[in-house]
Every structure is written in C-alpha cells, then in structure tokens.
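The primary structure of each chain is shown beneath.
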Amino acid sequence: MGIIKGFADSLFSPRELRTYSSKGVFKSLIYVLFLALLFSLPTIIGSFNAGKLSYETKVALKEYFENDAEEFPCVIQNGKLISEKGFIYSKQITETLFVYVGESYDHSKVSDEFIPSHAVIAFLEDGVYLQSQVFSKKLFEYVEYIDFEGLDFNGAIKNDNAFWDSIFRVYNNYYKNFRTSLIVFNIIYGILQSVFTIVIFGLLVTLFNRFGGHNAFRFKTHYKITLHGLTAYVLGNVLSVAFSFGLLYYVGIIWSLAVCIKSTSRYERGDNNEL
C-alpha cells in the first residue's frame, strides 16, 4: 500500500512528498528499486526474445552477405576450416559486432575502426570464437555440430538456402544452451542500469532545483524527496517505448521537474519546515 500511495502522491500530490523525507533510507531505497523495475520493464520483456533470430533478421543476413565477394574459398572438412592460404574475410554486421573467417585470427584485419568494445564472431581453423582486442573465448568446435561437416562458405555469397539452414540450425541449438543465462544477465543489467539512471538523474534534478535559490531543506532531505518525485519521468520513459511515441518521454521529464520543484519549494506560512 505504501508504494501505491507513493506512486500516486508522486504524480498528483507534490506537497505530500515532503512527508517522505522523514522516512528511513531503506524505504526510500525500496521505492527507488520499484522505479528501477518499472523503468526496466521494456528491457525485461525484451529479454525473453533476446538472441532469437526472427524471419526478418534471417532474410536481412542473407541479403547482407549475398554477392559480397567473387569467391569465398573456405570449407569445413573433418572438423577443420580449410581455406586458400592467407585468405581472410571480415565484415561488420552491427555497430559493435563483426564476422571474421580465416584459419587464424588477426584483429588488425577486422576493421580500421575496430576498438576494444567491439566483438568478433570468428570462424577459425578448429572452431568458432568470440574475440575482441582484450579477450578470446572459444564457443564451440565444428565437430560438435554435424551441420558444419562439408559446409561450403560460398553458400553465403550465393544465398544458398542449404548453407543458411545449416548456420541457423547450429545457432538455434547453441542458443538453447545460453538462453537462460542471457535472459538473467539482460534483466540484471537492465535493472542496475535503471537504478544508476534514476540515482544520477535525481542528483542532477536536486542540484538544478537548489541552484540560485533559498533552500528550505538540507541536501540529503531534498534528494530523498526528488527521488520520490521521479515517477512521471520513469513512467514517461516506459510509455514512450511501449507506444513508440517519443513525446511521452519529454512529458514525463517536465511533469517530474514540476513535481520536484513544487514539492521542495519554500513552505507557506503555517507549514512545518523542520524536515
């Protein structure tokens, strides 16, 4: 009941937020966690589909590699990648993800703009690796998946359905092994990121609200009230994502700013200002 009342007060009763400054730090943290869960709701929902290859994604991948080179002289035989001597193929498929094919890995061959935060899915001599400039992790060996035996990489540039069916089957089988871990990681990361955003934004609003005016509250008290006043900001974020309507994001910010300013403005005569 306390969280529901706090939610309503934060949206419609700015003056009531003054009473929340006298509540314990633990209760304030609980409300911040509630806001973080609400803030990260789109991420939590999206986490259950994270990593899945939709039909649209599969079509886009096929078109992305089609006719990308005249020849792709790589084939997997007896669990090993065999290619022409010195042949290397590298392609950026997202802002932070690259694909690399070659018997050995050389990050200098990936891209001139490759930086440590970027990742590479590398098809090397004995298996598939996740590479970056700072780490290397072997995901699996070719011998673990029968679909890889005899796989001719020319199928990628020729839009060969047999090639892509094999690639997608391997991915789906491997995806099953880490799906739960990926979901849990994305949820935890989303919540922590939301907590950080709320805490920092609340700090900025508090500093903005205290700038150039007489402050009726100590900073700690002011900050606690502000954190409770960010409900509209969080709600605006969630609704803007849910309805793909960016204006709601700005409505939420303006609403929260108005609530925070109203709730921490100087007390009228007769108000208790001992908080």
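Residues numbered from 1 in each chain as written. Predicted model: local features only at pLDDT ≥ 70, side-chain atom pairs only at ≥ 80, totals over all residues. Heavy atoms only, no water.

Here we look at the packing of aromatic side chains
So, point 1. The final tally for this structure, using the stated rule, is 28 aromatic pairs.
So, point 2. Pairing Y174 with F178 gives two aromatic rings, centres 5.2 Å apart and planes at 55°, and the pair type is tilted. Taken together, the positions of Y174 and F178, both in helix α6 (residues 161-210) and four residues apart, correspond to about one turn of that helix.
So, point 3. With relative accessibility at 26%, the residue F178 sits in the partly exposed group.
So, point 4. Over the ring of Y64 we find K91; its NZ or CZ atom is 4.5 Å from the centre of that ring. (Phe/Tyr/Trp six-rings, centres within 6.5 Å; stacked < 30°, edge-to-face > 60°. Helix = DSSP H or I, 4+ residues; strand = E, 2+ residues; numbered from the N terminus. Buried < 20%, exposed > 50% of the residue type's maximum accessible area, 1.4 Å probe, protein only. Lys NZ or Arg CZ within 6 Å of the ring centre and 35° of its normal.)

A closer look at the layout of surface pockets
So, point 1. Estimates place the volume of the largest pocket at around 1,000 Å³.
So, point 2. Together, 35 residues line the largest pocket, and I93, L97, V99, I121 and Y171 are the ones closest to its centre.
So, point 3. Only α4 (55-65), β4 (97-101), β5 (119-123), β6 (127-131), β7 (136-141) and α6 provide two or more residues apiece to the lining of the largest pocket.
So, point 4. Examining the composition of the lining of the largest pocket, we find that nine residues originate from one element, α6, more than from any other.
So, point 5. Within the lining of the largest pocket, the residues separate by chemical class into 29 nonpolar, five polar and one charged.
So, point 6. Taken as a whole, the second largest pocket spans an internal volume of roughly 200 Å³.
So, point 7. Elements with a minimum of two residues in the lining of the second largest pocket: α1 (2-12) and α2 (25-39).
So, point 8. A per-class count over the lining of the second largest pocket returns four nonpolar, two polar and three charged. (1 Å grid on protein atoms, 1.4 Å probe; cavity = no way out; pocket = protein on both sides within 12 Å on 5 of 7 lines; lining within 4 Å. Points joined across faces, edges and corners; volume = space filled by probe spheres on them. Nonpolar A, V, L, I, M, F, W, Y, C, P; charged D, E, K, R; others polar.)

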